[in-house]
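Read off the chains here:
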Amino acid sequence: MKCDYACNSAEHNIARRNFLGQCATGAGVLGLGFLTRPAVAEQLAKQQKKILVINMAGGLSQLESWDPKPGTDTGGPFRAIPSSIPGVHVSELLPHTAQQLHHLGLVRSVNTKENDHGKGAYFMTTGRRRTPAADYPKLGAVTAKALAKAGESLPGHIHVAAGGGGGRSNDAAYLGPKFASITVGGGKPPQYSTPPKGLTDASELRRQQMRQKMNQRFALKRRTAETDAYVQNYEQARNLVRQRDVFDTSKESAQDHERYGKHDFGQQCLLARRLLEHGVPYVQVTHSNYDTHNENFIFHLEQVAEFDRPFATLVADIVDRGMLDSTLIVVLSEFGRTPKINNRYGRDHWGTAWSVLVGGAGIQRGAVIGKTNDNGTQVTDREVDGGHLFHTYLQAVGVDPTGTFDIGGRELPLADPSTESIQEILA
Amino acid sequence: MKRVQEKAAEAALDKKAPMDAAARKDAKKMQQRRREVEQVVFDKLKGNIKTFVPLFGAGAGQPQDEFFATVDQALFFTNGGPVQSWLNPSGENLTGRLVKAPDVKQLADELYLSVLARRPSAEEAADVAAYLSGENIDRTTAIKELAWAMVTSAEFRFNH
């Protein structure tokens, strides 16, 4: 299927009523002062909605993170500590995040019935089960398209990874390569975004103008979604070159580098903050690897500790900068890990009863949805899967998940139409 | 016409292992030499392939026959080292030939025939002439810029 060139208007996908509803709630909470300060209202309305996803690749153990079961046959050696949401405990491996939890929320009743890495990740990032029949765009591509603003120059779908570029995936499916992810990392701008030595600005401008002139002439004779995609990419590349400092974490203060940590994940969180501040609609950071079939506890002790401080710092900064209402924060995996501890002190793949952290934007602060039983082997309340979560993410950033994209004249739903949002967790 | 790389490889091999007249008449030996030339050319250009594959190939295991355009491809063409060095006039390469063109008309013809395999329209030829006579621009720089604009144009990407 081809990407249609006339379909980049996203306005109809933004749930206007939903947005107005949120403004009304805000006015209720803040009192009339909110309405008598139009500048503030205007500023809030203008703030780009965005999504930050931390992907705990390999499968984070829910028992060593968001849904601990200490003192049971499945609980493992770690204790639970109180979080900043009254009555809600998390693993002691998350002391910093525990203090930020009241800004966020938890879904503790995820059952995806999926124990395969690839299929689990697909379900969690597209909101649909993987079938050979069709390929669906990932959350990042849907978000980038739905929240894209006319004239926005930075790419809308950015993955932050240790190595930076390399490899290619088709994660935008029928939405077209414009919304496919670009990968950046190492605090450096994307590959080839620095002009070569000896190319003057005047020279660059002249040759770009010549290219545009030729393309305009060509478009009169032959114009398709493909030629437009190709031509647009050069404009996007030019904008990216102009704004390459957005990707340069060396512009951040030494103090911030210290607060986030100088290891890969700390630096990636710092870059994520920078990108979100510049209005990139979708930023995904991957923390790898939680696939702990052996020595689950030692690995989680290291990995979760490495995650905890930078993530908590990022949440605190998002709150401090007044970005929480516009930023959805999600910590997900492809699945959780088995309550049963295997004979190598490991936990295996487990899609049956696990947790996802979700917060900010349109999510109720401090909401905890769903429950598992005493030793975490079953969901006992409000079972949800990747489809429900996908709808919820979109609705939380003001995009109607029951809406459609017009792709080459076909109305294609943004999210799986057979499922729905988790209403109780939405503000 | 033999390609530049092919000529160079042939010359190098002839110097290393000269063939006498009798050998040149021997079909088997000539075939053997052609294979050697091809190998040398391939080895020399291998590096270029490595640069292009991650940018223009689809993901591993994905179908490789669908068109897609991404920003990293455009960045590579805009700023990538190999592309910039290919634009430098050298010997018989495109800009090398253009620099030596006796007049603007022939330069425009050579440019369009080489890159787009057609002659320029009157309007296009006039654009080339205007470009070359622009203020504060030396001829070689203008030629490099023109060649770049042609190679990154939608026509080059889609008509070939």
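See the structure shown above.
Residues numbered from 1 in each chain as written. Chains lettered and ligands numbered in written order. Predicted model: local features only at pLDDT ≥ 70, side-chain atom pairs only at ≥ 80, totals over all residues. Heavy atoms only, no water.

*Asks:* I'd like a description of the overall build of chain B, backed by residues and values.
*Replies:* When helices and strands are tallied, chain B shows 10 helices and zero strands. Secondary structure of chain B in N-to-C order comes out as α-α-α-α-α-α-α-α-α-α. When burial is assessed residue by residue, chain B has 37% of its 160 residues classed as buried. Put simply, chain B shows about 9300 Å² of open surface, and 56% of that area lies on carbon and sulfur atoms. (Helix = DSSP H or I, 4+ residues; strand = E, 2+ residues; numbered from the N terminus. Buried < 20%, exposed > 50% of the residue type's maximum accessible area, 1.4 Å probe, protein only. Areas by Shrake-Rupley, 256 points an atom, 1.4 Å probe, with all protein chains shown as cover.)

*Asks:* So what's going on with the side chain of Asp109 of chain B? Residues and values would help.
*Replies:* Its place among the elements puts Asp109 of chain B in helix α7 (residues 104-116). Once you skip the residues sitting within four places of it in the chain, Asp109 of chain B turns out to touch Arg119 and Pro120 of chain B. (Contact = heavy atoms within 4.5 Å.)

*Asks:* Before we move on, can you summarise the side chain of His388 of chain A with the specific residues and values?
*Replies:* Residue and element names in this part refer to chain A. Positionally, His388 belongs in helix α11 (residues 386-396). Owing to a relative accessible area of 15%, His388 belongs among the buried residues under this scheme. Residues within four places of His388 in sequence aside, it is in contact with Glu383, Thr419, Glu420, Ser421 and Ile422.

*Asks:* I'd like to hear about the pattern of salt bridges, residue by residue, with values.
*Replies:* Residue and element names in this part refer to chain A. A complete count under the given rule lists 36 salt bridges over all chains for this structure. Between Glu64 and Arg347 there is a salt bridge whose closest N-O contact spans 2.9 Å. A residue pair is termed long-range when its members are at least 10 positions apart, and Glu64 in the loop between β1 (50-57) and β2 (80-82) and Arg347 in the loop between β9 (336-337) and β10 (349-350) qualify at 283 residues. Given the relative accessible area of 0%, Glu64 is considered buried. Residue classification places Arg347 among the buried positions, given a relative accessible area of 0%. Across the pair Glu383 and Lys113 runs a salt bridge whose closest N-O atoms are separated by 3.5 Å. Here the residue Glu383 occupies a position in the loop between β14 (379-381) and α11, and Lys113 occupies one in the loop between β4 (104-110) and α4 (117-126), the gap between them amounting to 270 residues. Salt bridges sharing partners connect three or more residues here, namely Glu252, Asp256, Arg259, Arg273, Arg274 and Asp317. (Salt bridge = Lys/Arg side-chain N within 4 Å of Asp/Glu carboxyl O.)

*Asks:* Tell me about the interface of chain B and chain A, residues and numbers included.
*Replies:* Contacts between chain B and chain A engage 46 residues on the former and 35 residues on the latter. Of the roughly 3700 Å² buried where chain B meets chain A, counting both sides, 61% is carbon and sulfur surface. Linking chain B to chain A there are four salt bridges. With its nearest N and O atoms 3.6 Å apart, the salt bridge here joins Glu123 of chain B to Arg217 of chain A. (Buried area = accessible area lost by both parts, 1.4 Å probe.)

*Asks:* Run through the pairing of strand β5 (residues 157-160) of chain A, naming residues and quoting values.
*Replies:* Residue and element names in this part refer to chain A. The alternating pattern of β5 places His157 and His159 and Ile158 and Val160 on opposite faces, both of which are buried. Pairing of β5 with strand β7 (residues 282-288) involves four bridges; the strand directions are parallel. The partner of His157 across the bridge, within β7, is Tyr282. Of the pairings in the sheet, the one linking β5 to strand β6 (residues 182-184) comprises three bridges and is parallel in character. Looking at the pairing, Val160 lines up with Val184 of β6. (Pairing = 2+ DSSP bridges.)

*Asks:* I'd like to hear about unusual backbone geometry, residue by residue, with values.
*Replies:* Here Ser288 of chain A and Asn289 of chain A are connected by a cis peptide whose omega angle stands at 10°. Even without being glycine, Arg382 of chain A reaches a positive phi, approximately 55°. For Ala117 of chain B, which is not glycine, the phi dihedral falls at a positive 55°. Counting through the fold element by element, Ala117 of chain B comes out in the loop between α7 and α8 (122-132). By relative accessible area, which is 57% here, Ala117 of chain B ends up exposed.

*Asks:* Go over the layout of surface pockets, please, and point to the residues and values.
*Replies:* All names here are of chain B. Volume-wise, the second largest pocket comes out at about 1200 Å³. In terms of lining residues, the second largest pocket is bounded by 30 residues, among which Val4, Trp86, Asn93, Leu94 and Arg97 are the most central. Listed by contribution, the elements that provide at least two residues to the lining of the second largest pocket are α1 (4-16), α3 (27-56), α5 (81-86), α6 (94-100), α7, α9 (139-151) and α10 (154-158). Considering every element that reaches the lining of the second largest pocket, the biggest residue donor is α3, with four residues. For the lining of the second largest pocket, the class distribution of residues is 16 nonpolar, eight polar and six charged. Two domains each donate at least three residues to the lining of the second largest pocket, and these are domain 1 (1-67) and domain 2 (69-160). (1 Å grid on protein atoms, 1.4 Å probe; cavity = no way out; pocket = protein on both sides within 12 Å on 5 of 7 lines; lining within 4 Å. Points joined across faces, edges and corners; volume = space filled by probe spheres on them. Nonpolar A, V, L, I, M, F, W, Y, C, P; charged D, E, K, R; others polar. Domains from an automatic or database assignment.)

*Asks:* Requested: an account of the pairing of β4 of chain A, with residues and values cited.
*Replies:* Residues and elements named next belong to chain A. Among the seven residues in β4, seven count as buried, and that is most of the element. Both β4 and strand β11 (residues 354-360) contribute to a ladder of five bridges, which runs antiparallel. For Val110, the partnering residue across the bridge sits in β11 and is Trp354. Bridge count between β4 and strand β12 (residues 368-369): two bridges; the pairing is parallel. Paired with Leu106 across the strands is Val368, a residue of β12.

*Asks:* Provide a residue-level description of the nonpolar core, including the pertinent values.
*Replies:* Residue and element names in this part refer to chain A. Ranked by internal contacts, the top residues of the largest apolar core, which has 84 residues, are Leu52, Trp66 and Phe307. Residues in contact with Trp66, not counting those within four places in the same chain, are Leu60, His89, Val90, Leu94, Thr97, Leu101, Leu106, Arg108, Phe307, Val331, Ser355 and Leu357. Counting residues in each nonpolar core, the second largest holds 45 residues, with Ile51, Val53, Tyr174 and Ala367 among its members. (Core = buried A, V, L, I, M, F, W, Y, C linked by side-chain atoms within 4.5 Å.)

*Asks:* Which residues make up helix α10 (residues 296-320) of chain A, and what are the values?
*Replies:* Counted at 1.5 Å a residue, the expected span for α10 of chain A with its 25 residues is 36 Å, and the 35 Å between its end C-alpha atoms agrees. The first or second residue beyond α10 of chain A is Gly322 of chain A, which carries a positive phi of 70°. (Expected span 1.5 Å × (residues − 1).)

*Asks:* How would you summarise empty space enclosed by the protein if you had to cite specific residues and measurements?
*Replies:* Enumeration over the complete set of coordinates arrives at two cavities of 30 Å³ or more. Contributing to the lining of the largest cavity are Met214, Asn215, Arg217, Phe218 and Lys221 of chain A together with Tyr112, Arg118, Glu124, Ser153 and Glu155 of chain B. Residues belonging to the lining of the largest cavity are distributed by class as follows: three nonpolar, two polar and five charged. In this structure, the second largest cavity spans a volume of roughly 40 Å³.

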